[in-house]
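Coordinate analysis (summary)
Spelled out from the first residue to the last, the chains are:
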Amino acid sequence: MQLGLIGLGKMGFNMRERLRKAGHEVVGYDRNPDVTDVASLADLVGALAAPRTVWIMVPAGDPTRQTVEELRELLSEGDLVIDGGNSRFTDDSANSASLAEKGIGYLDCGVSGGVWGLEVGYGLMVGGEHKWVEQAMPIFDALRPEGPREEGFAHAGPVGAGHFSKMVHNGIEYGLMQAYAEGFELLEASELVTDVPATIKAWQRGTVVRSWLLDLLVRALDSDPELDDLRGYVEDSGEGRWTVEEAINHSVPAPVISAALFARFASRQDDSPAMRAVAALRNQFGGHAVHMAGPSSGGGSTH
Ligand SMILES: NC(=O)C1=CN([C@@H]2O[C@H](COP(=O)(O)OP(=O)(O)OC[C@H]3O[C@@H](n4cnc5c(N)ncnc54)[C@H](O)[C@@H]3O)[C@@H](O)[C@H]2O)C=CC1
Ligand SMILES: O=C(CO)[C@H](O)[C@H](O)COP(=O)(O)O
């Protein structure tokens, strides 16, 4: 099958490779001339025979919204657009409705697997109408891991369901990573455990907490046993906060995911205004000692 693929970065580049290995004809477009197959979106559309299927894999938000708008002008009735990026699910209904005015189909597809997907395949969760899902199934089948389709692919529901599912998936990812990270810190802090990387490595087989994320932690510790080449500063790209917002909207308690998100915010602070306030209040009501800020004293002096 032919596919137009827009965005050939960490994800799209490998997806093009995996699809080509499976025998599909992929025309890739990226703003980066080093990786693109064609010079423009118009050229990409011109290189495909109707009905066309075009997969967007650019950063979520404005780049994806603008790409959908441009495709709306270039594509025709019967063509299909798939947004495979980590877009917020609330963008999907607007994209779908705008394309539907011209008879162009729309699917939202949550994609999981990161840079490893080339080798092991991508977990896919799709939202949209059945007929469009069927049209794109050869592409989904090539991207998903080998094995039973239902173990690496889900038609999760109508438009928006794919990105909603991916949002929850990423919220879970936040919580799992945070739990491993806290365990790592506690092992490191202990006087009893003398080989932390070996201990975590031993959890890879047979234990209740074995997982792919644990395997990746072992891999990171193999090259940097105390992770001291890194700063403890963690970005986020939206999915975690949207998960927490949806948990609030549905009155679903999500303390683990919320704490994991807030831990990332805390990681970006050199000093915490909130904890300065707690120290000040403790000092006010109980006369408890505080650590004073000092220009070169690190934690400062105690008063
Ligand atoms: N990296 C990951 O682990 C995963 C990323 N995603 C999502 O997939 C999408 C792509 O992510 P990455 O490949 O990691 O990002 P990336 O930043 O590595 O690649 C994005 C690519 O899109 C290109 N690009 C940006 N705007 C463009 C435009 N208007 N037209 C054409 N090309 C454009 C850039 O030149 C770049 O090559 C994002 O929505 C991301 O959230 C989804 C699952 C996993
Ligand atoms: O979707 C992903 C993995 O499943 C991406 O790697 C995503 O960027 C991870 O989320 P965040 O950047 O917020 O940590």
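All of these numbers come straight from a predicted model, not from anything done at the bench.

1. A short note on the environment of Glu-185
With respect to the helices, strands and loops of the structure, Glu-185 is situated in helix H7 (residues 161–189). For the pair Glu-185 and Gly-175, spaced ten residues apart in the sequence, the C-alpha separation amounts to 15 Å.

2. Looking at the confidence of the model for the chain
On average, the chain scores 97 in pLDDT, and the residues at 70 or more come to 98%. Confidence metrics for the complex model read pTM 0.96 and ipTM 0.99.

3. A short note on the site of ligand 2
Surrounding ligand 2, one finds Asn-86, Ser-112, Gly-114, Asn-170, Glu-173, Asp-236, Ser-237, Glu-239 and Gly-240. Looking at the shell around ligand 2 residue by residue, the classes come out as no nonpolar, six polar and three charged.

4. Focus on helix H4 (residues 90–100)
Burial in H4 covers these residues: Asp-92, Asn-95, Ser-96 and Leu-99. Projection of H4 onto a plane perpendicular to its axis shows the buried side chains occupying an angular sector of 100°, all on one side. Away from its buried face by more than 90 degrees, H4 exposes Ala-94 and Ala-97. In this fold, the buried residues of H4 make contact with helix H3 (62–74), strand E4 (80–83), strand E5 (105–112), strand E6 (123–127) and H7.

5. Some thoughts on the packing of H7 against helix H10 (residues 239–249)
Relative orientation of the contacting elements H7 and H10 amounts to 105°, with a least axis distance of 8 Å. Here H7 lies roughly perpendicular to H10, going by the angle between them. Residues Met-167, Val-168, Asn-170, Gly-171 and Tyr-174 of H7 pack against Glu-239, Gly-240, Trp-242, Thr-243 and Glu-246 of H10. Considered class by class, the residues forming the contact of H7 with H10 number four nonpolar, four polar and two charged.

6. Details of the site of ligand 1
Taken together, 22 residues lie around ligand 1, and Gly-9, Met-11, Gly-85, Asn-86 and Gly-114 are the ones closest in. Its residues assigned to classes, the shell around ligand 1 comprises ten nonpolar, nine polar and three charged.

7. So, the environment of Arg-264
Among the secondary structure elements, Arg-264 is positioned in helix H11 (residues 255–267). Spatially, the C-alpha atom of Arg-264 lies 13 Å from that of Ala-179, the residues being 85 residues apart in sequence. Excluding residues within four positions of it along the chain, Arg-264 makes contact with Val-234 and Asp-236.

8. Points about unusual backbone geometry
Leaving glycine aside, a negative phi is the common case for residues, and trans is the common case for peptide bonds. Cis geometry is adopted by the peptide bond preceding Pro-51, which originates at Ala-50 and carries an omega value of -5°. Mapped onto the fold, Pro-51 is located in the loop between helix H2 (41–46) and strand E3 (53–56). Here Leu-227, not a glycine, exhibits a phi torsion of approximately 55°, which is positive. With respect to the helices, strands and loops of the structure, Leu-227 is situated in the loop between helix H9 (212–223) and H10. Notably, Ser-251 is not glycine yet its phi reads approximately 50°, a positive angle. Topologically, Ser-251 is positioned in the loop between H10 and H11.

9. Examining the nonpolar core
Of all hydrophobic cores here, the largest spans 48 residues; its most connected members are Ile-6, Val-81, Leu-107 and Leu-124. Here this core takes seven residues from helix H6 (residues 130–143), the largest share from any one element. Excluding residues that lie within four positions of it along the chain, Leu-124 makes contacts with Cys-109, Val-111, Phe-140, Leu-143, Arg-144, Gly-152 and Phe-153. Counting residues in hydrophobic clusters, the runner-up holds five residues, among them Tyr-174, Val-244, Ala-260 and Leu-261.

10. Quick look at the packing of H7 against H11
Closest axis-to-axis distance for the H7/H11 pair is 8 Å, and the angle between their directions is 75°. Viewed along their axes, H7 and H11 adopt a mutual orientation that is roughly perpendicular. Between H7 and H11, the residues in contact are Gly-171, Tyr-174, Gly-175 and Gln-178 and Val-256, Ile-257, Ala-259, Ala-260, Leu-261 and Ala-263, respectively.

Each value, and the rule that gives it
Every chain begins its residue count from 1, and numbering advances along the sequence as written. Naming scheme: in the order in which they are written, chains are lettered from A and ligands are numbered from 1. With the structure being a predicted model, the display of local features is reserved for residues of pLDDT at least 70 and the display and counting of side-chain atom pairs for 80 or more, all residues being used for whole-chain, interface and lining totals. Only runs of H or I of at least four residues qualify as helices and only runs of E of at least two qualify as strands under DSSP, and these elements are numbered from the N terminus. pLDDT is a per-residue confidence score from the predictor, ranging from 0 to 100. Nearness here is judged by the C-beta atom: place it from the backbone, and if it falls within 6 Å of a molecule or strand, the residue counts as near that partner. Gly counts as polar in this scheme, as do all residues outside two lists: the nonpolar Ala, Val, Leu, Ile, Met, Phe, Trp, Tyr, Cys and Pro, and the charged Asp, Glu, Lys and Arg. Counting other C-beta atoms within 10 Å of a residue's own tells you its class, since 20 or more makes it buried, 12 or fewer makes it exposed, and anything in between is partly exposed; those C-beta atoms are placed from the backbone. The reported arc concerns the directions from the helix axis to the C-beta atoms and nothing else. Residues are treated as contacting if the C-beta atoms built from their backbones sit within 7 Å of each other. The axes used here are C-alpha line fits, helices contributing only the stretch in contact, and every angle between their N-to-C directions lies in the interval 0 to 180 degrees. Here roughly perpendicular refers to angles of 65 to 115 degrees, roughly parallel to angles under 35, roughly antiparallel to angles over 145, and oblique to all remaining angles. A set of buried residues qualifies as a nonpolar core if it consists of Ala, Val, Leu, Ile, Met, Phe, Trp, Tyr and Cys joined through C-beta atoms within 7 Å.

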